[in-house]
Every structure is written in structure tokens, then in C-alpha cells.
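# Coordinates in review
Letter by letter, the chains look like this.
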Amino acid sequence: MHTETERCVRAVRSKDARFDGWFFTAVLTTRIYCRPSCPVVPPKAENMRFYPSAAAAQQAGFRACKRCRPDASPGSPQWNERADLVARAMRLIADGCVDREGVSGLAVRLGYSTRQVERQLLAELGAGPLALARAQRAQTARLLIETSVLPMADVAFAAGFASIRTFNDTVREVFALSPSELRNRAAGNGRAPGTGHAPSTGRAFVTAAAPSATTGTPATEPAAVTGTLSLRLPYRAPLCPDNLFGHLAATAVPGVEEWRDGAYRRTLRLPYGHGVVALRPASGHVACTLALTDLRDLTLAISRCRRLLDLDADPVAVDGLLGTDPVLAPLVARNPGRRVPRTVDAAEFAVRAVLGQQVSTAAARTHAARLVRDCGDPVDDPAGGLTHLFPEPDTLAALDPERLALPRTRRTTLTTLAAELAAGRIVLGAGSDWGAARERLAALPGIGPWTVETVAMRALGDPDAFLPTDLGLRRAARASGLPGTPAALTARAEAWRPWRAYAVQYLWATDDHPINHLPTG
């Protein structure tokens, strides 16, 4: 969109927040870049330049606006809609791949050479993987600087910087202030570290109860959570929380997930440790409380929570298309902004999808809870009733199938899937190739179209995944006057591309099932 100058100028002049994250506006006279909805008086059109990413604006010599905080915009919905190399790379960078594995590790995961990855990112985003990762580190650093009481050295390493010097140079270059000046400025604006007064806009804002950031190797045993961080996760309005949180609560695995005091809570398995997150729908944002054993996991934890709740979706585009269908139009008008509930761990969800084959929601939860008690890693949760991390694929692959209280064929399916995931022969998650993942899943014994498309919808994040064989969807389709057979329903759904996963949510919502209702407890 950044190449459509007239359209970008109109968005800036109207201060249209729907375009935040789609492009960034740089001002030649001030050398500042902003989000489209920046509240200041718009500059003259001839003084505007438009960039596809914050990293590109930074590389061009512009610094972030202190008023609108452009680097804190919701992520571009393009990266969750597309399955090409650039989109896969952006999802992996958001997942912290470059910080942990470098550009070469990113290229290996994508199956391309480093040169090809850099060339395509530069062509579309105006910045390479290192610059994009650097912009993400700068955002995380600012969050911790402005709203925590952590020492600057801990902030630097928690944000992913390799040295204090690089941290200082980056913060000064991006924000035109030193780290100490950023913290003092935040305190002067009423956001004193540790007070809990988080700003009302931005991608994620943090207040911390002084957790410690370690810099050693990942622990082999889960440690006790040492601190709590309060965040606000913004989204593009509208957002209907009913089926989003209702689905997560109704299918929650005891010990790993729960609904408590108006919030969905769950454990998180992360590269450097583990965490517990509580997510609560609020006006204009999702309130998020994170407890991490290692603050180096902060950026990844935020990214996975946003992905779980589909917060970077573009509901205007989705509802605009689905609302043209005479059957879906009244459903969209009644509750616009439905999201697709996803997952924080793609491998976990794939295993749970197998456990949920041809059984009720309650039975699937029982099977998963038994697996968690037998094989999951224990955690402490003083604030609630969470007890375990979901078992990793290698643990499940080594499990004696006779210990599983499942039909024999399903035992084989589960252990085979776990072995393929553990060996890396099936790759799911942020940067996976959606087509290749579908093919490899479908080749496994006991995995049919329903399981493949369920995993594609919620683990891979494909917005066009479709479940024509799902009994609930077929029942809803017939009740709405749509074809009830898989083939006919698939043909009818061609008009809903590329948003068929969202159409599924609207149709499911016609049924009076707990997944469609926001819990009241």
C-alpha cells in the first residue's frame, strides 16, 4: 500500500487508525516517522514519504514519533494472510527466529539461501532481516525502559541485544533519546516505572514487578515464575470476544488452561524458560498479564499471545467480503469482528486435534488432561490452578502407546504424529509452508481432511482453511439455508475466499454451544 501515494495521504489526513501497521509516514522536514493515525497536524503532502515497515523508515534515517509511537502499531495483517516467502519470514522474525538463530537460521527454516531471503525482504519491505529484527528489539527495549524498574543492562539483554553498547546506540538512533532519557521522559509524563499506568495505545505496554532477567543457558527444569508484567494488546476494531474467548475456555485442557476471574489463563513453553499468561477482553485492547521465568522470552510471548487471539487481523476487509453474501450478511452485522481462535504452540494443537477426532469437546479435554498429568512438565502457579506445560513432541514420541486410553488406531496416529514433529519432518507454526504441512499431515495414518484443515486453521493460521466435513459446520449450514454436503458446501464457499476460516466462525456461532459464549465466571 505504501506505493499508493494518494491513498496514503488521504489516510494520514483522515487519521484513519485502520491503516496503522499497513504503512508508515515519514516527514522530510522533521525527520520523524509516524503511524497514519498520528494526532498531530498532518504535514504537507510534498513533505511526506511512505514506508512499508518501521525498519525501513529507521534505515532511511527517520526516528520514531514520540507522540503516536509508530513502532507500537498492530502488526500488518498481510503477514497472517499470505503464505509466500516474505510473509513466512515476517512471522518467523516476529517469533524471534533472527535473535535466536541469526539470518542463516531464518534462511534454513525458510528453505532458501540467505541472499534470496535478504533480497526479497529488501524488495518488499525496504529492510533486511537484521534491520527488521533490530526494530523489534528496539520496541521491546522501549517497553521495558519506560514502564519497568529493571536495570538498563537487564533491559538490554531481555530485549535481545548482544551488548550494552549496541543497545545504547540503537535506542539513541531510533528514538533520538538515550535509554535514561527515555525513562525520565516516561516518568515525567506520568508513566513512572512500576506504577501500573500503562499507556492507552500501542502494540504492548508493560509494567513490571521487577522480575529478574537472566542471561544464562535455558533451564532444563521449569523454574518458579519470578515477576509479573501487565500489557495492553491493541487490535483493529471491531473485535467480537464471544467466540474467541468462549472457544478457548470451552476447550481448555485442565492443568494447562483455565478460565478464572474473567480471564483466559494458560501456561507457555518458551525458548529460555516458561511462563503463565492471563488474557482478558477490555475496551479497545486485550489486557494481558504475563509471568515469565526469563525476560528474554518477552517479545516471543507477546507475539504468540497476539497470534493466539488473531489480533493482527483486518476485520474491515474480512467482514466487507463476507457481508456481501446474503446468508452471512446478517451474521456479520449482528456480531462484526469475529476472530479465529488460534494457538500458542502449533505442535501442541496438532496433538490435541488428533485427540479430538470423532469425540465430544468434553471427551477431548479428558484425553488431553490425562496426557498432561502423565507426561507434562510441572509448573508453579500461585495465582491460579495451572499445574503443567503441555508435553513436547519428543516426550510423546517416546511414550508407550499402551499407556494411552485411546482406540488402537488413534494411539498409532498420535505417536506417529509426535515422532514426525519431533524429528522435524513435519513443521508447523509461524514460518511453516502451509501447502507442505498439509501434504505431510495428510500422508500420516489416521489423519484425514478434518484434522488437516483444523490444524491449518488454528495452528498454521491459514485464513482460508475450511472444514466442509465438520458436523457442526454442516448443521449450521443447513439451518442457514446453505448446502449440507461437503462438496456442495465447498463449492458455495468459493465466494468467501480468502476468508473461509472466518466464515466458519460466523456459521459456528449460530449454534448454542459453549464455544460461542463469553464465560461469565
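It should be noted that the structure appears before, not after, this text.
Residues numbered from 1 in each chain as written. Predicted model: local features only at pLDDT ≥ 70, side-chain atom pairs only at ≥ 80, totals over all residues. Heavy atoms only, no water.

## Concerning helix α20 (residues 449-460)
The buried fraction of α20 is high, at 10 of 12 residues. Of the positions making up α20, those classed as buried are T451, V452, E453, T454, V455, A456, M457, R458, A459 and L460. (Buried < 20%, exposed > 50% of the residue type's maximum accessible area, 1.4 Å probe, protein only. Helix = DSSP H or I, 4+ residues; strand = E, 2+ residues; numbered from the N terminus.)

## Overview of the pattern of salt bridges
Counted according to the given criterion, the structure contains 31 salt bridges. With a shortest N-O distance of 3.2 Å, E494 and R497 are connected by a salt bridge. A relative accessible area of 41% places E494 in the partly exposed class. Ionic contacts of the salt-bridge type, sharing partners, join the residues E257, R266, E348 and R352 into one network. (Salt bridge = Lys/Arg side-chain N within 4 Å of Asp/Glu carboxyl O.)

## Some points on helix α16 (residues 361-375)
Between its first and last C-alpha, α16 extends 21 Å over 15 residues, near the 21 Å set by a 1.5 Å rise per residue. If you check which residues of α16 are buried, you get A364, H367, A368, A369, L371, V372 and C375. Packing partners of the buried residues in α16 comprise α15 (346-355), β11 (377-378), β12 (388-389) and α17 (393-397). (Expected span 1.5 Å × (residues − 1). Contact = heavy atoms within 4.5 Å.)

## Notes on the packing of helix α19 (residues 434-442) against α20
Packing of α19 against α20 leaves a shortest axis separation of 10 Å and a crossing angle of 140°. By the angle between their axes, α19 is oblique relative to α20. The two elements α19 and α20 meet at a crossing, and its hand is right-handed. In this structure, α19 uses W434, A437, R438, L441 and A442 to contact α20, whose residues at the interface are V452, E453, V455, A456 and L460. (Axes fitted to C-alpha atoms, helices over the stretch in contact; angles between N-to-C directions. Parallel < 35°, antiparallel > 145°, perpendicular 65-115°, else oblique. Left-handed = near helix turned anticlockwise from the far one by under 90°.)

## Thoughts on the packing of aromatic side chains
One pass over the structure, following the stated rule, counts 7 aromatic pairs. Arranged with centres 5.9 Å apart and planes meeting at 55°, the rings of Y51 and F62 form a pair that is tilted. Placement of the pair is Y51 in strand β3 (residues 48-51) and F62 in the loop between α2 (54-59) and β4 (63-64), with a sequence separation of 11 residues. Across the pair, exposure class does not vary: Y51 and F62 are buried alike. A centroid spacing of 6.2 Å and a plane angle of 70° characterise the contact between F245 and W259, whose relative ring orientation is edge-to-face. A residue pair is termed long-range when its members are at least 10 positions apart, and F245 in helix α11 (residues 241-250) and W259 in strand β7 (residues 257-260) qualify at 14 residues. (Phe/Tyr/Trp six-rings, centres within 6.5 Å; stacked < 30°, edge-to-face > 60°.)

## Comments concerning the state of the cysteines
In the structure shown here, the tally under the stated rule is 0 disulfides. C34 supplies the cysteine sulfur nearest to C8, a cysteine that is in no disulfide, at a spacing of 14 Å. The cysteine C68 is free of any disulfide, with C38 supplying the nearest cysteine sulfur at 3.7 Å. A relative accessible area of 5% places C68 in the buried class. (Disulfide = S-S within 2.5 Å.)

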